[in-house]
Amino acid sequence: MPELYDIVNHYKPDVIWSDGEWETTDKYWKSTDFLAWLYNDSPVKDTVVTNDRWGSNTMCKHGGYYTCHDRYNPGVLQQHKWENCMTIDRTSWGYNRRSASADYLSTHELITELASTVSCGGNLLINVGPTADGRIMPIFEERLRDLGKWLHVNGEAIYETIPWTFQNDTLTPGIWYTSTESAVYATVLSWPDSDVLTLAAPVSTAQTVVRLLGHDVQLTWKEREAGGMTVAFPLLTPAKLPCKDAWVLKLTGLAKSSAQAPPAKELKVDEGIRSNNNDNRMIL
């Protein structure tokens, strides 16, 4: 704990990600003493955010955001802010020279983790293991660059969004929703068969407009008698696709019944640990 006081005073961090707490309870670590100082007297008391790893008895119970366990991804909307801390190497948090290519998440799998996490109100923390001399191996670099290219096209469906009424579609699998005050975004993990996508969750109006991010032309859509809508995807050659691995529809002008979901509940300050961010921040 003395090192934590020193780090906060000298570097004034925005986030403190505690770990290694599982050996014993918060009383042994004197976590509550540190947190009381952090939120009342420290130089970052009005801005800092902490996780839930402050003792063997605190995980998924007390924290500005919950991590619950490594690779935590519940797949449903949570009542408290949470984070999916995961690795590109399925087997290791560090560099493992014995890892085979199958041990690494593909770009599609990484985007799936991102879309499902943010849709349910979570942050995503992505771990890569550097070598002993500090190098990032090419396979990690490739995955991160691929994700960056995808976000360059589709970032508005991720950054500064909140969960929507539905997290995934009630009819078509592989669809994850996010929203802002003016739009709903549907991340589509597989290009639809026959270039027509069926969505059961959105309620359309005469003012509804559907666009594919990275493609300037409005898409044609039809209302379904059973509810929802069908969307005709554009006929594009591979070279003209705006991105790879997953695509995002931006829907505006939906019915008011297609409302936003409430933000994740915050812990009260007097419960010891506070969350002061309701946006979906992705930590790389």
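The text that follows walks through the structure, step by step, so that each part is easy to find. (Residues numbered from 1 in each chain as written. Predicted model: local features only at pLDDT ≥ 70, side-chain atom pairs only at ≥ 80, totals over all residues. Heavy atoms only, no water.)

**Thoughts on the sheet that holds strand β6 (residues 184–188)**
Step number 1: Strands sit in the order β5-β6-β11-β8 across an open sheet of 4 strands; the sheet is antiparallel. Every other strand in the sheet has two partners, leaving β5 (175–179) and β8 (209–212) as the edge strands with one partner each. Strand after strand, the sheet turns through a mean of 20 degrees between neighbouring axes, direction not considered.
Step number 2: Note that β5 and β6 share 5 bridges and pair antiparallel. Residue pairing for β6: tryptophan 176 is matched across the bridge by threonine 187.
Step number 3: Across the sheet, helix α4 (residues 107–119) is in contact with β5 and β6; its angle to β5 comes to roughly 50 degrees. (Pairing = 2+ DSSP bridges. Helix = DSSP H or I, 4+ residues; strand = E, 2+ residues; numbered from the N terminus. Axes fitted to C-alpha atoms, helices over the stretch in contact; angles between N-to-C directions. Contact = heavy atoms within 4.5 Å.)

**Details of the packing of aromatic side chains**
Two aromatic rings, taken as a pair, are described by how far apart their centres are and by the angle between their planes.
Step number 1: In total, this model carries 11 aromatic pairs according to the counting rule given.
Step number 2: Ring plane angle 50 degrees and centroid distance 4.8 Å describe the contact between tyrosine 5 and tryptophan 37, whose orientation is recorded as tilted. Taken together, the residues span a long stretch of sequence, with tyrosine 5 in helix α1 (residues 2–11) and tryptophan 37 in helix α3 (residues 31–40) at a distance of 32 residues.
Step number 3: Judged by relative accessible area, tryptophan 37 falls into the buried class, the value being 18%.
Step number 4: Between tyrosine 104 and phenylalanine 140 the ring centres are 5.5 Å apart and the planes differ by 80 degrees, which places this aromatic pair in the edge-to-face class. Here tyrosine 104 is found in the loop between β3 (82–87) and α4, whereas its partner phenylalanine 140 is found in helix α5 (residues 138–154), with 36 residues between them in sequence. Each member of the pair tyrosine 104 and phenylalanine 140 is classed as buried.
Step number 5: Through a chain of ring-to-ring contacts, the aromatic side chains of Tyr5, Phe34, Trp37 and Trp54 assemble into a single cluster. (Phe/Tyr/Trp six-rings, centres within 6.5 Å; stacked < 30°, edge-to-face > 60°. Buried < 20%, exposed > 50% of the residue type's maximum accessible area, 1.4 Å probe, protein only.)

**Quick word on the sheet that holds strand β9 (residues 221–223)**
Step number 1: Strand order in this open sheet of 3 strands is β7-β10-β9, and the pairing throughout is antiparallel. Only two strands of the sheet have a single partner each, and these edge strands are β7 (196–199) and β9. Across this sheet, the average inter-strand angle for adjacent strands is 20 degrees, counted without regard to direction.
Step number 2: Pairing between β9 and strand β10 (residues 229–232): 3 bridges, direction antiparallel. When the sheet's bridge partners are listed, glutamate 223 is paired in β10 with methionine 229.

**A word on α3**
Step number 1: Buried within α3 we find Ser31, Phe34, Leu35, Trp37, Leu38 and Tyr39.
Step number 2: Buried residues in α3 make contact with α1, β1 (15–16), α2 (26–29) and β2 (49–50).

**Regarding the state of the cysteines**
Here, the word disulfide means a covalent bond between the sulfur atoms of two cysteines.
Step number 1: Following the criterion strictly, the structure yields 1 disulfide and no others.
Step number 2: Between the sulfur atoms of cysteine 60 and its disulfide partner cysteine 68 the distance amounts to 2.0 Å. For the disulfide bridge between cysteine 60 and cysteine 68, the dihedral angle about the S-S bond is near 60 degrees, and by the sign convention the bridge is right-handed.
Step number 3: Judged by relative accessible area, which is 34%, cysteine 60 ranks as partly exposed.
Step number 4: Left without a disulfide partner, cysteine 85 is nearest to the cysteine sulfur of cysteine 68, which lies 9.4 Å away.
Step number 5: Its sulfur unpaired, cysteine 120 is 13 Å from the next cysteine sulfur, which belongs to cysteine 68. (Disulfide = S-S within 2.5 Å.)

**Some details on the pattern of salt bridges**
Step number 1: The tally for this structure, following the rule as stated, stands at 8 salt bridges.
Step number 2: Arginine 53 serves as the salt-bridge partner of aspartate 19, at 3.1 Å between the closest nitrogen and oxygen. You can see aspartate 19 sitting in the loop between β1 and α2 and its partner arginine 53 sitting in the loop between β2 and β3, a full 34 residues away along the chain.
Step number 3: Judged by its relative accessible area of 3%, arginine 53 is buried.
Step number 4: Residues joined in a network through salt bridges with shared partners are Asp19, Arg53 and Asp70. (Salt bridge = Lys/Arg side-chain N within 4 Å of Asp/Glu carboxyl O.)

**A closer look at the environment of serine 116**
Step number 1: Position of serine 116 relative to the elements: it lies in helix α4.
Step number 2: On the basis of relative accessibility, which here comes to 6%, the residue serine 116 falls in the buried class.
Step number 3: Note: C-alpha distance between serine 116 and isoleucine 175 (59 residues apart in sequence) is 8.7 Å.
Step number 4: Setting aside chain neighbours within four positions, we find serine 116 in contact with Asn73 and Trp176.
Step number 5: Polar contacts involving the side chain of serine 116 include one to the side chain of asparagine 73, which spans 3.1 Å.
Step number 6: A polar side-chain atom of serine 116 sits 3.2 Å from the main-chain carbonyl oxygen of glutamate 113. (Polar contact = N/O pair within 3.5 Å; in protein donor to acceptor, adjacent residues only side chain to side chain.)

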